[in-house]
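Summary of structural features
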Amino acid sequence: MTAPGLSSSTCSDERRQCSRPRDSTSWTPATSGIRTTTRPAPPSGPSRRSTAPRRRTPSWPSSTPSARSMPGRSSARAAEAGAAAMPPAAPTGAIEHFSPLPSWEAFFGAASELLYYTPHMKADFAPLLAGCIGTYEQLRRFFLTLYFGTVPEAVALLGLTDELRPLARVRSFAFEPAGAGRPCECARRRQAGQLLRRPGDLDITAAGRSRVPVRAAPVDRYLRARGPGPPRTWTASVAQRLRLAGGGAGERLADAALEWYAASVDQLLEDPKEGDTEGDYFDAWLRECHREIHDDVDTSDPAELRSAKWVESESSSRRYDLGAIRIPDYESAFQELRAFDFRSRSSTRRERVLAKILVDAFQLRLVDAAAILTIGNIVAQSEEGARVVVVLYAGAAHSRCVVEFFRSQGLGHQGLPKKGYVGQEEWEDDEPRGLELPSYLHDFSELFPVPKAQPPAARAGAAPPKASLQERRKAEDAADQAMRELLEEEAQAPGQAKPKAASRKQKR
């Protein structure tokens, strides 16, 4: 970790290093890994450390790199300079905190924080999706490239120009305080139409953790995985190591993980209400789009709320039909986002929650894909014929996804009691959560020799794999084309006997 004003090409994480090469210019980005506080820093020796008091929110530096080493920074620098020139709002209390180093995982990971824990904070991914991405296919291609390819290739898919560069910021430094309950100075500036700089305290928890750690897409500098070659995210580097270390089997497993990641996100976003069994997406959708219902029903159990057909009101004798409330699929969501004119108005609550759900789905399944790739690397790096036991400690939803993937690759629970399941899916509030581990987790030798598992296609009663949304739509289009050709033949030969039209019972 470096001191303020000192440039460095590495960070404290042993797995990562900064993508920006070392240069002779001293520059501290606005989102640095330096602890900032309101107390003055101690005096320093003949180094570049500043002896001025630190501020909660670091200001834009006076010394910047050259335009050649920082392409496309003119518009972003002007925007940041304008925000830094705003008068600071009245402080709400000094909180010592750490500003994280910029990374793509932290930038998109803020969507889950905003959906689940801090819905009152206004941060917006809708302009980025509407102005820079535009379609679900492009969003899908971007995330697959970002987490399984290289970062420069993924950034090129965004098409960020100087005009569109402001869309990459999801939370602004501008702050307009409410009139009531604020200091007189803030109220006076608000009446004059003057914007203030957002106090850093508002984005920091009591533990010093930033709720939106990376406010803008880290296009120019970000944490990258260690190693030669083009910069990659950590997950992409794990996939690359698996391809190189595992030989043909490792490459096949990495490709299978990539296909599973894309298909599982597609399945989740085809129907977000049904796909998210935990109910978090439906709870967020109800809060942002049907606030009068959300505030009048019991939302303590999102999973039960998602599956409920009718829910009683807590303030009257009426009932709400929650079964009729649906979340748009990814095609409908992008159709709404493309209609959003970010140049003339701000986004609505509906558009903001749709954008967060689209982004969070890729982050949610990324956890499972990273676990799959990590397990593959552990096995690939072991000696041939060695006995390897991998213990995954994760939540029920993530563990279920990892198990389903490896079962699709031919692994099974042969020889294990209760099909290898330890614990239970649901717990009562007053029920103890202690687990009684089976004997084979106390003595790993009981797991060997491993019983031979049948391939998925050879298993008796195995259900056929579910076709993706694109495959089903292609099949529907082919059936529609066949029906049109049949009708054209009937119209061209009116005297001939009309063949029976094949009935199409294709589930949409």
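Notes on the overall build of the protein
Along its length, the protein carries 17 helices and eight strands. A burial count over the protein gives 40% of its 508 residues as buried. Long-range pairs, those at least 24 residues apart, make up 71% of the contacts in the protein with a sequence separation of at least 6.

Some thoughts on unusual backbone geometry
The amide bond that connects F448 to the next residue, P449, takes the cis arrangement and shows omega of 0°. In this structure, P449 sits in the loop between α16 (439-442) and α17 (469-492). With phi around 55°, K419 is a residue other than glycine that occupies positive phi space. Summarising the element assignment, K419 is placed in the loop between α15 (396-408) and α16.

Structural notes on empty space enclosed by the protein
Tallying each qualifying case throughout the model produces two cavities of 30 Å³ or more. Of the voids in this model, the second largest cavity is the one considered here, and its volume is about 30 Å³. Surrounding the second largest cavity, L269, P272, I327, P328, A333, L354, I357 and L358 form its lining. Here the lining of the second largest cavity gets three residues from one element, more than from any other, and that element is helix α14 (residues 349-380). Class assignment of the residues belonging to the lining of the second largest cavity gives a composition of eight nonpolar, no polar and no charged.

Quick notes on the pattern of salt bridges
On inspection of all chains with the given rule, the structure shows 14 salt bridges. Residue R140 is joined to D266 by a salt bridge in which the shortest nitrogen-to-oxygen separation is 3.1 Å. Within this pair, whereas R140 is found in helix α4 (residues 136-148), its partner D266 is found in helix α8 (residues 247-270), the two being separated by 126 residues in sequence. Residue class for D266 comes out buried when judged on its relative accessible area of 3%. One salt bridge in this structure joins E274 and R326, with 3.6 Å as the shortest N-O distance. Separated by 52 residues along the polypeptide, E274 in helix α9 (residues 272-275) and R326 in the loop between β8 (319-321) and α13 (330-338) bring together distant segments of the chain. By relative accessible area, which is 43% here, E274 ends up partly exposed. If you follow the salt bridges from partner to partner, you end up with D271, E274, R306 and R326 in one network.

Some thoughts on the confidence of the model for the protein
Caution is warranted with low-pLDDT regions, since their predicted coordinates should not be read in detail. In the predicted model, the protein carries a mean pLDDT of 76, and 67% of its residues have values of at least 70. Within the protein, α4 carries the highest mean pLDDT (97), whereas strand β2 (residues 35-36) carries the lowest (34). In the model, residues 457-463 has pLDDT below 50 throughout and makes five contacts with residues more than four positions away in sequence or in other chains. Within the model, the stretch residues 497-508 combines pLDDT values under 50 with 15 contacts to residues more than four positions away or in other chains.

What about a nonpolar patch on the surface?
Judged by side-chain polarity, V391, L435, L437, L441 and F444 come together as a nonpolar surface patch covering roughly 430 Å² of accessible area. With respect to the secondary-structure elements, F444 resides in the loop between α16 and α17.

With respect to the packing of helix α7 (residues 234-245) against α14
With their axes 9 Å apart at the nearest point, α7 and α14 run at an angle of 30° to one another. In this view, α7 runs roughly parallel relative to α14, as classed from their interaxial angle. The crossing of α7 and α14 is left-handed. Contacts from W234, T235, V238, A239, R241, L242 and A245 of α7 reach α14 at L366, A370, L373, T374, G376, N377 and A380.

A few points about the nonpolar core
Counting residues in each nonpolar core, the largest one holds 88 residues, and the members touching the most others are W104, F108, F125, L129, F143 and Y261. Ranked by residues supplied to this core, first place goes to α14 with 14 residues.

Structural notes on the packing of aromatic side chains
The tally for this structure, following the rule as stated, stands at 19 aromatic pairs. With 4.9 Å between their ring centres and 65° between their planes, F108 and F143 make a pair best called edge-to-face. Of the two residues, F108 sits in helix α2 (residues 104-117) while F143 sits in helix α4, which places them 35 residues apart along the sequence. Take F108: its relative accessible area is 3%, and that puts it in the buried class. On the basis of relative accessible area, F143 is assigned to the buried category, the value being 0%.

Describing the side chain of T235
Inspection of the secondary structure puts T235 in helix α7. Classification of T235 by relative accessible area gives buried; the value is 4%. Once residues lying within four places of it in the same chain are set aside, the contact partners of T235 are Y147, L366, A370 and L373.

Topic: α7
If you check α7, its first and last C-alpha atoms are 16 Å apart, about what twelve residues at 1.5 Å a residue would give, namely 16 Å. Turning to α7, the residues buried within the fold contact α4, β6 (223-225), α8 and α14. Looking one or two residues beyond α7, the residue adopting positive phi is G247, at roughly 65°.

Comments concerning the environment of L115
Looking at the secondary structure, you find L115 in helix α2. Residue class for L115 comes out buried when judged on its relative accessible area of 4%. Sequence separation between L115 and D283 is 168 residues; the distance between their C-alpha atoms is 9.0 Å. Among all residues touching L115, those that are not within four sequence positions of it are Y281, A284, R287, V353, K356, I357 and D360.

Concerning the side chain of K273
By the element assignment, K273 lies in helix α9. The side chain of K273 sits in the buried core without any salt bridge; E274 is the nearest counter-charge, 5.5 Å away. For K273, the residues in contact, after removing those within four places along its chain, are F282, R306, L322, G323, I325, R326 and I327.

Points about a negative patch on the surface
Taken together, the side chains of D298, D301, E304, E314, E426, E428, D429 and D430 make up a negatively charged region of the molecular surface. If you trace the backbone, E314 turns up in the loop between β7 (310-312) and β8.

Here's the deal with the packing of α7 against α8
α8 packs onto α7 with a crossing angle of 150° between their chain directions and a minimal axis gap of 6 Å. Looking at the two axes, α7 sits roughly antiparallel to α8. Residues A239, L242, R243, L244 and A245 of α7 lie in contact with α8, whose contacting residues are G247, G250, E251, L253, A254 and D255. Grouping the constituent residues of the contact of α7 with α8 by class yields six nonpolar, two polar and three charged.

What counts as what
Residues numbered from 1 in each chain as written. Predicted model: local features only at pLDDT ≥ 70, side-chain atom pairs only at ≥ 80, totals over all residues. Heavy atoms only, no water. Helix = DSSP H or I, 4+ residues; strand = E, 2+ residues; numbered from the N terminus. Buried < 20%, exposed > 50% of the residue type's maximum accessible area, 1.4 Å probe, protein only. Contact = heavy atoms within 4.5 Å. 1 Å grid on protein atoms, 1.4 Å probe; cavity = no way out; pocket = protein on both sides within 12 Å on 5 of 7 lines; lining within 4 Å. Points joined across faces, edges and corners; volume = space filled by probe spheres on them. Nonpolar A, V, L, I, M, F, W, Y, C, P; charged D, E, K, R; others polar. Salt bridge = Lys/Arg side-chain N within 4 Å of Asp/Glu carboxyl O. pLDDT = per-residue confidence, 0-100. Patch = residues over 30% accessible without salt bridge, like charges linked within 9 Å, V, L, I, M, F, W, Y side chains within 5 Å. Areas by Shrake-Rupley, 256 points an atom, 1.4 Å probe, with all protein chains shown as cover. Axes fitted to C-alpha atoms, helices over the stretch in contact; angles between N-to-C directions. Parallel < 35°, antiparallel > 145°, perpendicular 65-115°, else oblique. Left-handed = near helix turned anticlockwise from the far one by under 90°. Core = buried A, V, L, I, M, F, W, Y, C linked by side-chain atoms within 4.5 Å. Phe/Tyr/Trp six-rings, centres within 6.5 Å; stacked < 30°, edge-to-face > 60°. Expected span 1.5 Å × (residues − 1). Lys, Arg positive; Asp, Glu negative; His and termini not counted. Charge placed at Lys NZ, Arg CZ, Asp CG, Glu CD.

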